Amino acid sequence: MKACRYLTLLPLGLALGVVSPLAGQVRLNDLVITGGAAMEVYLGNFSAITVPQVDSTDSALAGVGHWTARGGVDFLPSGRRALVLDFDGGVRQFATGGFQLRNYAPREHSGRLTMTYGQALAGGTFTTEATARARSIADRPPLPLYLSPGYETYTAKVGYGRSVRPGLDLSMAVTGEMADYAAPKALPQLDLLDRSSIIVRTEAVRDSRDPARTDDFSKFGVFANYRYNSYPKQGLGLLRADHAVGGGVSYERETERLIIRLSLDGRLSRSNAPRVEYNAAVLKGELTWSLGSSTQLDFEGTLARKRYRNPVQDHLVPGEEGDNASLLYAEITRFMSTEVDASFRFGWQKVETNISGAYYTRFGGTFFLKVRPGF
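Residues numbered from 1 in each chain as written. Predicted model: local features only at pLDDT ≥ 70, side-chain atom pairs only at ≥ 80, totals over all residues. Heavy atoms only, no water.

> Let's hear about the pairing of strand E6 (residues 151-165): which residues, and what values?
Every regular strand shows the same layout, with side chains that alternate between the two sheet faces. As judged from the 12 bridges shared by strand E5 (residues 124-138) and E6, these two strands associate in the antiparallel manner. Each bridged residue has a counterpart across the sheet, and for Thr 127 the counterpart in E6 is Gly 159. Strand direction decides the pairing type here: E6 and strand E7 (residues 168-181), joined by 14 bridges, are antiparallel. Pairing of Thr 153 across the sheet is with Ala 179, part of E7. The antiparallel hairpin formed by E6 and E7 contains two residues in its connecting segment, where Gly 167 sits at a positive phi of about 90°. (Pairing = 2+ DSSP bridges. Helix = DSSP H or I, 4+ residues; strand = E, 2+ residues; numbered from the N terminus.)

Pasting the structure below:
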C-alpha cells in the first residue's frame, strides 16, 4: 500500500492543471469555529484483559474542554468541474478523576485534510478524493477512560456514478487506505494495529424526488462492499490478512421540517488468523426535526451486534467503530443568529476497545457554541 501515499497526491496534481487559470474564483465555504465543555462518565468491565494496564479502574469521570475549526475552500465555484479542499482540526483537554495512583490530564490533537476533484464524464460524474488524518494523544489514560490511540491515515478514493434513468443512480468506488498507529513506550503492542486496506463499494439509489417539490422527497438505496485488510506487524511467518464482504440498505425521507435517515449494514469477516473472524450487523438511524426557524432537535442512534466465531478472545484486535459501537445522541440547537448557534447534547456509547471482548460505556452532556464568522 505504499502507492496509497502517492495516490493521495492525485487530486493535488489535478489541481495544478485547473486552478492556476481560475485562481480568482477561489472561495471559502462555511467556516465554523466550535467551542464547548462537557462532563463525561466512563464505566467498564475488562475481565477479558489478561494483563490489565497499571491503574485501570471500573469507573472514571472527566471534564472536557474542546474547540474545533472546520471549513472548505472551493477552487472552482462554477462549471462542469469541482475542486474542493475540506479541513477540520481541534484540541480536547481532559481533567480526570477516579484513578488510584494519580489523575490524568490527557490532551488530544486531531486534524483532517480532504481534497476532492469531480468532473462530468460520459454522462456521469468521475470523482477522486484524497484524505490525510492525524491524531495525537498526550498522557493517554488507562481504561475505562478510553481514547483512541494516536495515528496517521492516508486514504485515496476513486469513484464514478451516473443516472441510468430518471430517479435511479448507480455508483462504484475503490478506496485504498494506510493506517500507522503511534505506539508509546508503555504500549508497544499498539503497533500491531498498523494496517493497509482496499475497499470496493457499489450502490444503487432510487430517488422519488418531485422536481416541483425539492423539499419533499425520499431515497432508497442498496449497497454491497468488499474490504481487504493486511496487518504487516501481525503474524509469525504468515502475514495476517482479513477479507470482509458486506451489504445493506438505506432509506432517507425529507420534508420541510423533518429529515429521517435509516441504514442496515451486515458484514462477514474472515481471516487467515481464525481467532479474529466475526459476523456483525449495524442498524443506524438519524432524525432532524425543525421546531420553527430558531430551534432544532437531532437524534442519532446506532445498534451494533458483533459475534466472534472463536469465543475465546484474549489477543489484541483492531477495533472498527462501524462493527462494534452502539450509541445514542440527543441534541437541541438554538439558532441565536445567522452566525451563532448554541447546542446541548446528551450522549451514551458502548464501544469495544482495541482489546477484543473488552467494552467501555460512556455517557455525558456537552454544551457548545458554533460561530460562523462573516466575510
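> Summarise the side chain of Glu 40; cite the residues concerned and give the values.
By the secondary structure assignment, Glu 40 is in strand E1 (residues 27-45). Polar side-chain contacts of Glu 40 include one of 2.5 Å to the side chain of Tyr 42. Those residues in contact with Glu 40 that sit more than four places away from it in its chain are Ala 60, Leu 61, Ala 62, Val 64, Phe 94, Arg 362, Phe 363 and Gly 364. (Polar contact = N/O pair within 3.5 Å; in protein donor to acceptor, adjacent residues only side chain to side chain. Contact = heavy atoms within 4.5 Å.)

> So what about the packing of aromatic side chains? Which residues, and what values?
Enumeration over the complete set of coordinates arrives at five aromatic pairs. Each ring, one from Tyr 278 and one from Tyr 308, has its centre 6.1 Å from the other, and the planes form 70°; the classification is edge-to-face. In this pair, Tyr 278 sits in strand E12 (residues 278-290) while Tyr 308 sits in strand E13 (residues 295-308), placing the two residues 30 residues apart along the sequence. Its end group placed over the ring of Tyr 231, Arg 240 keeps NZ or CZ at 4.0 Å from the ring centre. (Phe/Tyr/Trp six-rings, centres within 6.5 Å; stacked < 30°, edge-to-face > 60°. Lys NZ or Arg CZ within 6 Å of the ring centre and 35° of its normal.)

> Summarise a nonpolar patch on the surface; cite the residues concerned and give the values.
A surface patch of nonpolar side chains, about 930 Å² in accessible area, is lined by Leu 43, Leu 328, Ile 332, Met 336, Phe 344, Phe 346, Trp 348, Phe 363, Phe 367 and Leu 369. Here Phe 363 is to be found in strand E16 (residues 359-371). (Patch = residues over 30% accessible without salt bridge, like charges linked within 9 Å, V, L, I, M, F, W, Y side chains within 5 Å. Areas by Shrake-Rupley, 256 points an atom, 1.4 Å probe, with all protein chains shown as cover. Salt bridge = Lys/Arg side-chain N within 4 Å of Asp/Glu carboxyl O.)

> With reference to specific residues and values, describe the pattern of salt bridges.
Evaluation of the coordinates by the stated rule reveals 18 salt bridges. A salt bridge links Arg 195 to Glu 177, with the nearest nitrogen and oxygen atoms 3.5 Å apart. Placement of Arg 195 in strand E8 (residues 195-207) and of Glu 177 in strand E7 is noted, with a sequence separation of 18 residues between them. Per residue, the accessibility class of Arg 195 equals that of Glu 177, and both read buried. Of the charged contacts, one joins Arg 201 and Glu 203 as a salt bridge, the two residues approaching to 3.7 Å between their closest N and O atoms. (Buried < 20%, exposed > 50% of the residue type's maximum accessible area, 1.4 Å probe, protein only.)

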